[in-house]
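Summary of structural features
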Amino acid sequence: MRAVVVGAGAIGQWTAYEAAASGHEVVLASRSGRPLSVAGASRRAISAASSSVTAATVDAGDAGALAGLAAGADVLVNAVNPPYTDWDAKWPPMASAFLAAAERSGAALVTIGNLYPYGHPTSPITEATPETPNGHKGRVRQAMWRDAQARHQAGRIRAAELRAADYFGPGVTKGMSYLNQYAILPAMRGRTARHIMGVVDAPHAWTYVRDIGRLAAAVVASVADDDVWGRVWHVPTEAPRSLEDVARDVAALVGQPPRTPRPYPRLVKAALHVVPLIRELDEMAPAFEAPYTLDGSAAERRFGVAATPWHEALEETVAWLRSHD
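Residues numbered from 1 in each chain as written. Predicted model: local features only at pLDDT ≥ 70, side-chain atom pairs only at ≥ 80, totals over all residues. Heavy atoms only, no water.

Before going further, it helps to spend a moment on the environment of R214. Structurally, the position occupied by R214 is in helix α7 (residues 209–221). When the C-alpha positions of R214 and V305 are compared, they lie 7.0 Å apart, and in sequence the two are 91 residues distant. What R214 contacts, discounting residues up to four positions off in sequence, is E18, V305 and T308. (Helix = DSSP H or I, 4+ residues; strand = E, 2+ residues; numbered from the N terminus. Contact = heavy atoms within 4.5 Å.)

And the structure:
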């Protein structure tokens, strides 16, 4: 089995690693051509997986280049993520390039997505939850899947989308994980975490980044099974935890006194909104104000991939953050 994984961030790295560890041939492609360098895996494990992973350079918006890279591959994985403030401009042409590449090459398309298309339901989010995006980023992600699904239904490609909650874990770079940067790191340092959005005692789903890679690798291994394609799968995710829970768990893990997180005062929040990235967070703020739960049981039953236990995932994340702090 041969898979082409485009995007060499944490999700792409873990996807390539898990697919290679499962015995598949992998091309890990990105604009930089970054090789396999999975944060959090042992050197021996990375060395073993690296023999099955080839690094390549590609522009994710170039359909011809993507198609050439995917020629002869069984699966093409879209694990890229343009800057948060540029989704409206950058996602549509890149998504179109992936669709064209899948159609030209014959490779099945797996897109790593998120929960934005659902808006902010207060009941557990399943694959059957209606899509009611409440902002432009949610509409962008919704349109991406609808376009892929339409081509699948027309018989032009095979497509599936994997959706995860806000993710955290080793290898997730600054600015890509709210939990890593604004909850775990302050608690590790014995500081009071301050939050720009949400209610600190509202339970919220957090997906461990390695589990995204595990599910993607399981889908790659199931490329010949018709029931895998033409639908959305949710990444198995542990029970939701509030920002207060996270602060307490991290403090216990590192031996610091627990400090209850606090929201920024209203005037400080208003001042911070001069920053474009902070303004973009407003769309998802309601998801941090009420219980927000992801149901990944369908994928767990189908692929046998369970969520990493919370405390194990937290320990691995803290260990990695310590080594980079």
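Picking up after the structure, the text goes on.
Turning to the side chain of T237, a few remarks are in order. By secondary structure assignment, the location of T237 is in the loop between β10 (231–234) and α8 (243–254). Residue T237 is classed as buried on the basis of its relative accessible area, which comes to 14%. In terms of polar contacts, T237 uses its side chain to reach the side chain of T207, at 2.8 Å. There is a polar contact of 2.8 Å between the side chain of T237 and the backbone oxygen of V235. Once residues within four sequence positions are removed from consideration, T237 is found in contact with A205, W206, T207, L294 and A307. (Buried < 20%, exposed > 50% of the residue type's maximum accessible area, 1.4 Å probe, protein only. Polar contact = N/O pair within 3.5 Å; in protein donor to acceptor, adjacent residues only side chain to side chain.)

A few words now on the nonpolar core. V6, L76, L179 and I184 are the most contacted members of the largest nonpolar core, which totals 73 residues. If one sorts the elements of this core by residue count, helix α4 (residues 87–105) sits on top with 10 residues. The contacts of L179, once residues within four sequence positions are left out, are F168, I184, W206, L243, V246 and W310. V26, V77, V209 and V223 belong to the second largest nonpolar core, which has 46 residues in total. (Core = buried A, V, L, I, M, F, W, Y, C linked by side-chain atoms within 4.5 Å.)

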